[in-house]
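Residues per chain, in single letters:
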There are 2 protein chains.
Amino acid sequence: MSADHLDADESAEPRAADGRVPGRRGRATRQRLLECTGQMLKDRTYRDLKVVDIAREAGTSPATFYQYFPDVESAILVLADYMVAQGSETFSALTAKASWKGRAGYEASLDLVDGVLAFWERFQPLLRVVDLATDEGDLRFANVRTRLLNDLNNTLARAAADHQSLGKGQPGVNPDAIGGVLVAMMVHVSAHRLGFEFWGVRTEDLREAMARIVFWSVTGQKPPTAG
Amino acid sequence: MSADHLDADESAEPRAADGRVPGRRGRATRQRLLECTGQMLKDRTYRDLKVVDIAREAGTSPATFYQYFPDVESAILVLADYMVAQGSETFSALTAKASWKGRAGYEASLDLVDGVLAFWERFQPLLRVVDLATDEGDLRFANVRTRLLNDLNNTLARAAADHQSLGKGQPGVNPDAIGGVLVAMMVHVSAHRLGFEFWGVRTEDLREAMARIVFWSVTGQKPPTAG
DNA sequence: CGGGGCTCCTGACGGTGCGTCAGATACAGT
DNA sequence: ACTGTATCTGACGCACCGTCAGGAGCCCCG
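In this text, all values refer to a predicted model and were calculated from it rather than measured experimentally. Starting from 1, residues in each chain are numbered consecutively following that chain's sequence as written. Ligands are numbered from 1 and chains lettered from A, in the order in which they are written. Selection of residues for local features in this predicted model requires a pLDDT of at least 70, selection of side-chain atom pairs for listing and counting requires 80 or more, and totals for whole chains, interfaces and linings are taken over all residues. To get the side-chain values, all heavy atoms of the structure are used, and hydrogens and water are removed first.

Participant: Outline the side chain of Arg193(B), listing residues and values.
Facilitator: When you line up the elements, Arg193(B) lands in helix H9 (residues 193-198). Identification of polar contacts relies on pairs of N or O atoms within 3.5 Å, with a donor-acceptor requirement for protein atoms, meaning one able to donate a hydrogen and the other able to accept it, and with residues adjacent in sequence counted only if both atoms are side-chain atoms. Within polar-contact distance, the side chain of Arg193(B) engages the side chain of Thr203(B) at 3.1 Å. In this text, helices come from DSSP runs of H or I with a minimum length of four residues, and strands from runs of E with a minimum of two, each type numbered from the N-terminal end.

So, in structure tokens, the structure goes:
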């Protein structure tokens, strides 16, 4: 639940490799390196991201990069932290106000699914790296993933539990499992959206299928029939 | 649909780097290298798998490895091909005979989910690499993934379509989307099973939540209430 | 049983990227 | 201008990659 001990490097003063706190010029260089890193992630794949390229792009030398980040992953983690912040904001906006009742409830499910799809679209390059590094066993990125999905997870689990306590929804099924499974579904489909399209399945159709599953899993109600 | 032009290297005679067809001794070495590769995948992570280590483990030299495989990925692909064959067998056994009606239908959904979970458990190291390489954009592994999931996908889509044509199920929703979404859910949860357990969600509960979603998505019927 | 001609193996090498110094360079204050 | 601190970088050693040319093993025929 609490994540106080899991701060990224950014929560404190950024320190250079030798321990000193960077001044104005240093912070500008650091920022430039970050921006170039984010930029290059859009083109090349994570594993083809060479320190020397980032440095050259930022008009500096590889050694300078290591002054501010112990490795490429650490730089990406800083960008990922920003993404997590955006995610919390985005997802809480989508789930806070929504009601689960009737047609409006189904519309809210659609909005939620659309929100996740859009978020994955927007941060695609970063999320690709996060998924990759998480699967590779990098705990720093696993942590990013957890922080990003935690709220979503809890919100859905809470909603499922609320319906259960009223005798609706999915009685007797662990609400955390419901939330986790739904998040897994949305996340995985979002991540492989292009693969689906390539395989001939329109995103529009995925969106509908997922929203219906979300709505039914939480409320136990059959969603309104599709147009 | 058709995959005739996508054969892995294994469908034809394995050839050595210089084009010749290996004899008895050569094939034994090749096999030994394959086994060591599979073995070492269980310990180290994919990216830490160095050719020199595989070679040493197999009691030979790095150069020998390159005699039989252009790169590490290619060796893993051979192992993956075997896995795909196992998968086709496993999954078709799970879906061929099953009926979707009533309580037995729900049991079949449970069996299906269990089957996927067990399969992912069994081939965990290999599947981790397949997922990883697919996400990294390696088309050879994306192809493995497609072949592995295609049947499952089609089976579920077909079942959904059948129910729709009887006025049941999810009328008006693209059956391919339903199949794809369900497979995505099962696969992603299976891949992150340990993550869920660590986070406090028992596999038993995930299994139930997923089976219910599968059953409902295909048949449109509410599954039997949980004990 | 010994030598010719295959198959099979490997030591050694050039290449690329990593990460780390020691020292060069820019800048700010006096 | 002068000095000390902040910032940068050229150059290096390391590790792994992938490729040769040539050595070692094996089989078979004479």
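Moving on, there is more to tell.
Participant: Describe the protein's contact with DNA strand C, naming the residues involved and giving the relevant values.
Facilitator: Any residue with a heavy atom lying within 4 Å of a molecule or strand is counted as near it. With respect to spatial proximity, 18 residues lie near DNA strand C, and among them Tyr66(A), Arg20(B), Gly23(B), Thr29(B) and Thr60(B) are the closest. The sugar and phosphate moieties of DNA strand C supply 70% of its atoms located within 4 Å of the protein. A distance of 2.5 Å separates a phosphate oxygen of DNA strand C from a polar side-chain atom of Tyr66(A). One of the backbone nitrogen or oxygen atoms of Ser61(B) is found 3.1 Å away from a phosphate oxygen of DNA strand C. Of all the secondary structure elements, the ones that give two or more residues to the surface near DNA strand C are helix H2 (51-57) and helix H3 (62-68) of chain A together with helix H1 (24-43) and helix H3 (62-68) of chain B.

Participant: Describe in detail the confidence of the model for chain A, supporting the description with residues and values.
Facilitator: Taken residue by residue, chain A gives an average pLDDT of 89. The fraction at 70 or more is 89%. Every residue is assigned a pLDDT by the predictor, reflecting its confidence on a scale from 0 to 100. By definition, residues are in contact when any of their heavy atoms lie within 4.5 Å. Counting contacts from residues 1-11 of chain A, a segment whose pLDDT is below 50, to residues more than four positions away or on other chains yields five contacts.

Participant: Tell me about the packing of aromatic side chains, and please be specific about residues and values.
Facilitator: Pairing of aromatic side chains requires ring centres within 6.5 Å, counting the rings of Phe and Tyr and the six-membered ring of Trp. Pairs whose planes differ by under 30 degrees are stacked, by over 60 edge-to-face, and all others tilted. According to the stated counting rule, one finds 13 aromatic pairs over all chains in the structure shown. Pairing Trp216(A) with Trp216(B) gives two aromatic rings, centres 4.6 Å apart and planes at 0 degrees, and the pair type is stacked. In this pair, Trp216(A) is assigned in helix H10 (residues 203-219) and Trp216(B) in helix H10 (residues 203-219), connecting two distinct chains. Throughout, exposure labels follow a simple rule: accessible area from a 1.4 Å probe, protein chains only, divided by the maximum for the residue type, with under 20% read as buried, over 50% as exposed, and the rest as partly exposed. Residue classification places Trp216(A) among the buried residues on the basis of a relative accessible area of 2%. By the ring-pair criterion, three or more aromatic residues cluster together here, those being Phe91(A), Phe119(A), Trp120(A) and Phe123(A).

Participant: Explain the relation of the copies chain B and chain A to me, using residue names and the numbers behind them.
Facilitator: The copies are overlaid by a least-squares fit using only the C-alpha atoms of residues whose pLDDT is at least 70 in both copies. Mapping chain B onto chain A leaves a residual RMSD of 0.1 Å; the transformation is a rotation of 180 degrees accompanied by 0.0 Å of translation along its axis. Taken together, these values place the two copies in the relation of a two-fold axis. Nearest to the rotation axis, the C-alpha of Met185(B) is located 2.2 Å from it, this being the minimum over chain B. Most of the interface of chain B is mirrored in chain A: 100% of its interface residues are interface residues there too.

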